[in-house]
Amino acid sequence: MFRMAFGLLYRWHIEGMENIPQSGGAVIAPNHIGFFDSPLVASAMKRPAYFMGKKELFDIPIFGWIIRRTNAFPIKRGSQDIIAMRNTFSILKNGHLLLMFPEGVRSKDGKIGKAKAGVGMAACNTQVPLIPVKIENTDAMLKFRQIKVKFGQPIYPPKNFVKNDYISLSKKVLDIIAEM
């Protein structure tokens with residue numbers, strides 16, 4: 001359904017599909033500028049992806065029921081959500097793709113925000129690559145501009161890491177997205 005809508009209404013343009021591993025786990029790490037960024041990126045890929053969403057979304061009566069059936073799981077923002085992190089590590093260690101936003105939240109002005117440690121922590125602790133993804137024009141969907149999705153080359157986490165590497169790796173992903 002989303003593929004059809006993004007193709008017909010927004011003439012989406014997708015680049016860099018060859019950068020998504022054909023097997024094994026990976027963190028798919030896009031910038032976050034619009035409400036439909038998760039289904040957009042997931043629809044652009046050939047492999048199924050899991051993704052986390054703020055817990056409040058799962059509490060919305062019909063919407064919550066729908067997203068629970070699309071490989072999504074809740075995360076409590078502003079706290080260390082152990083259950084969400086266990087889900088994250090399990091998904092990646094079992095060879096699946098996980099969509100996570102390096103900024104953690106949607107940008108209010110369309111510009112890339114401040115990096116959070118989450119994507120770096122997930123990649124370092126599971127030793128899977130990070131795939132930077134640049135999304136354009138999902139912040140202005142009512143204007144029906146062409147939506148663009150560009151998958152960058154994989155970034156590999158250091159084998160020996162410390163906690164400071166989490167935020168450094170997340171920041172590196174956002175820097176690459178900014179240059180794409």
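Up top is the structure.
Let me sum up the structure you'll find in this document. Remember, it's a predicted structure, so these values are computed and weren't measured experimentally.

**A closer look at the layout of surface pockets**
Okay, step 1: Roughly 1,700 Å³ of internal volume is contained in the largest pocket.
Okay, step 2: Forming the boundary of the largest pocket are 50 residues, of which M52, G53, K54, I75 and G104 lie nearest the centre.
Okay, step 3: For the lining of the largest pocket, the secondary-structure elements that each account for two or more residues are α1 (2-10), α2 (37-44), β3 (49-54), α3 (55-58), α4 (61-68), α5 (82-93) and α6 (118-126).
Okay, step 4: With five residues, the top contributor of residues to the lining of the largest pocket is β3.

**Details of the pairing of strand β7 (residues 148-151)**
Okay, step 1: In β7, alternate side chains face the same way, and those of V149 and F151 are buried while those of K148 and K150 on the opposite face are not.
Okay, step 2: The pairing of strand β6 (residues 130-136) with β7 spans four bridges and is antiparallel. Bridge assignment links K134 to a residue of β7, and that residue is K150.

**Brief notes about the pattern of salt bridges**
Okay, step 1: All chains considered together, the criterion is met by two salt bridges.
Okay, step 2: Residue D175 pairs with K171 through a salt bridge whose shortest N-O separation is 3.3 Å. Linking D175 with K171, this pair stays in helix α7 (residues 164-179), spanning four residues, or about one helical turn.
Okay, step 3: Accessibility expressed as a relative area gives 35% for D175, which makes it partly exposed.
Okay, step 4: For K171, a relative accessible area of 45% translates into the label partly exposed.

**Comments concerning α7**
Okay, step 1: The end-to-end C-alpha distance of α7, which contains 16 residues, comes to 23 Å, matching closely the 22 Å that a straight helix rising 1.5 Å per residue would cover.
Okay, step 2: The complete set of buried residues in α7 reads Y166, L169, S170, V173, L174 and I177. Projected onto a plane normal to the axis of α7, the buried residues spread over an arc of 135 degrees and lie on a single side. Opposite its buried face, α7 presents the exposed residues N164, A178 and E179, each directed more than 90 degrees away.
Okay, step 3: Buried residues along α7 sit in contact with β2 (26-30), α6 and β6.

**Section: the environment of G78**
Okay, step 1: Residue placement: G78 occurs in the loop between β4 (72-75) and α5.
Okay, step 2: Each C-alpha atom of the pair G78 and P39 lies 24 Å from the other, and the pair is 39 residues apart in sequence.

**Notes on the packing of aromatic side chains**
Okay, step 1: This structure, assessed with the given rule, holds three aromatic pairs.
Okay, step 2: Ring geometry for F35 versus F36: centroids 5.4 Å apart, planes at 90 degrees, classification edge-to-face.
Okay, step 3: In this structure F36 comes out as partly exposed when scored by relative accessible area, which is 33%.
Okay, step 4: Judged by centre distance (5.9 Å) and plane angle (35 degrees), the ring pair of F35 and F63 falls under tilted.

**Concerning a nonpolar patch on the surface**
Okay, step 1: Nonpolar side chains collect at one region of the surface, where M1, F2, F35 and F36 lie side by side and expose about 440 Å² of accessible area between them.
Okay, step 2: One can find F2 in helix α1.

**Re the sheet that holds β6**
Okay, step 1: Pairing is mixed in the open sheet, where seven strands are placed in the order β1-β7-β6-β2-β5-β3-β4. Each edge of the sheet is formed by a strand with only one pairing partner; in this case those strands are β1 (13-15) and β4. Neighbour-to-neighbour, the strand axes of the sheet open up by a mean angle of 20 degrees, direction not taken into account.

What counts, and at which threshold
Residues numbered from 1 in each chain as written. Predicted model: local features only at pLDDT ≥ 70, side-chain atom pairs only at ≥ 80, totals over all residues. Heavy atoms only, no water. 1 Å grid on protein atoms, 1.4 Å probe; cavity = no way out; pocket = protein on both sides within 12 Å on 5 of 7 lines; lining within 4 Å. Points joined across faces, edges and corners; volume = space filled by probe spheres on them. Helix = DSSP H or I, 4+ residues; strand = E, 2+ residues; numbered from the N terminus. Buried < 20%, exposed > 50% of the residue type's maximum accessible area, 1.4 Å probe, protein only. Pairing = 2+ DSSP bridges. Salt bridge = Lys/Arg side-chain N within 4 Å of Asp/Glu carboxyl O. Expected span 1.5 Å × (residues − 1). Arc of directions from axis to C-beta. Contact = heavy atoms within 4.5 Å. Phe/Tyr/Trp six-rings, centres within 6.5 Å; stacked < 30°, edge-to-face > 60°. Patch = residues over 30% accessible without salt bridge, like charges linked within 9 Å, V, L, I, M, F, W, Y side chains within 5 Å. Areas by Shrake-Rupley, 256 points an atom, 1.4 Å probe, with all protein chains shown as cover. Axes fitted to C-alpha atoms, helices over the stretch in contact; angles between N-to-C directions.

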